[in-house]
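A closer look at the structure
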Amino acid sequence: MLWGTFSWAPLGPVVVVEQIMKAANYLNTIADQLHPYMAFVFPTGNGIFQQNNTPCHKARIVLEWLEEHIDEFHLMS
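Heads up: these notes are all about the structure in this document. For clarity, every value in this text was computed on a predicted model and none was experimentally measured. (Residues numbered from 1 in each chain as written. Predicted model: local features only at pLDDT ≥ 70, side-chain atom pairs only at ≥ 80, totals over all residues. Heavy atoms only, no water.)

1. Section: the packing of helix α1 (residues 23–41) against helix α2 (residues 60–68)
At their nearest, the axes of α1 and α2 sit 8 Å apart, and the two run at 25° to each other. Classified by the angle between their axes, α1 and α2 sit roughly parallel to one another. When α1 is examined against α2, the residues Ala 23, Ala 24, Tyr 26, Leu 27, Ile 30, Ala 31 and His 35 are found in contact with a partner set consisting of Ile 61, Val 62, Trp 65 and Leu 66. The residue makeup of the contact of α1 with α2, split by class, is ten nonpolar, one polar and no charged. (Axes fitted to C-alpha atoms, helices over the stretch in contact; angles between N-to-C directions. Helix = DSSP H or I, 4+ residues; strand = E, 2+ residues; numbered from the N terminus. Parallel < 35°, antiparallel > 145°, perpendicular 65-115°, else oblique. Contact = heavy atoms within 4.5 Å. Nonpolar A, V, L, I, M, F, W, Y, C, P; charged D, E, K, R; others polar.)

What follows is the structure, given as structure tokens:
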């Protein structure tokens, strides 16, 4: 599976995911890939991240991490 970041700004990383995307794996991916990308491309915190509400996207550990970083980018509901 591929995980990637697309925006009106430069394209983000494309990551090869070799395991099942469970909550912990997804959290590692967004922490390691999405977070630095958003900080670089949207340094004022005006970026918006959209998910598709698969179970790993709605996991408590993921939502808590996103809440901790709410001042760095927004999560589209």
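After that view of the structure, there is still more to cover.
2. Considering the pattern of salt bridges
This model, assessed by the stated rule, comprises one salt bridge. With a shortest N-O distance of 3.5 Å, Arg 60 and Glu 64 are connected by a salt bridge. Here Glu 64 and Arg 60 lie together in helix α2, a separation of four residues that amounts to about one turn. Given the relative accessible area of 59%, Arg 60 is considered exposed. (Salt bridge = Lys/Arg side-chain N within 4 Å of Asp/Glu carboxyl O. Buried < 20%, exposed > 50% of the residue type's maximum accessible area, 1.4 Å probe, protein only.)

3. Overview of the nonpolar core
Counting 20 residues, the largest nonpolar core has Tyr 26, Ile 30, Phe 49 and Val 62 as its most contacted members. Listing elements by their share of this core, those giving two or more residues are α1 and α2. For this core, the element with the highest residue contribution is α1, accounting for eight residues. If we ignore the near neighbours within four places in the chain, the residues touching Val 62 are Ala 23, Tyr 26, Leu 27, Ile 30, Gln 51, Cys 56 and His 57. (Core = buried A, V, L, I, M, F, W, Y, C linked by side-chain atoms within 4.5 Å.)

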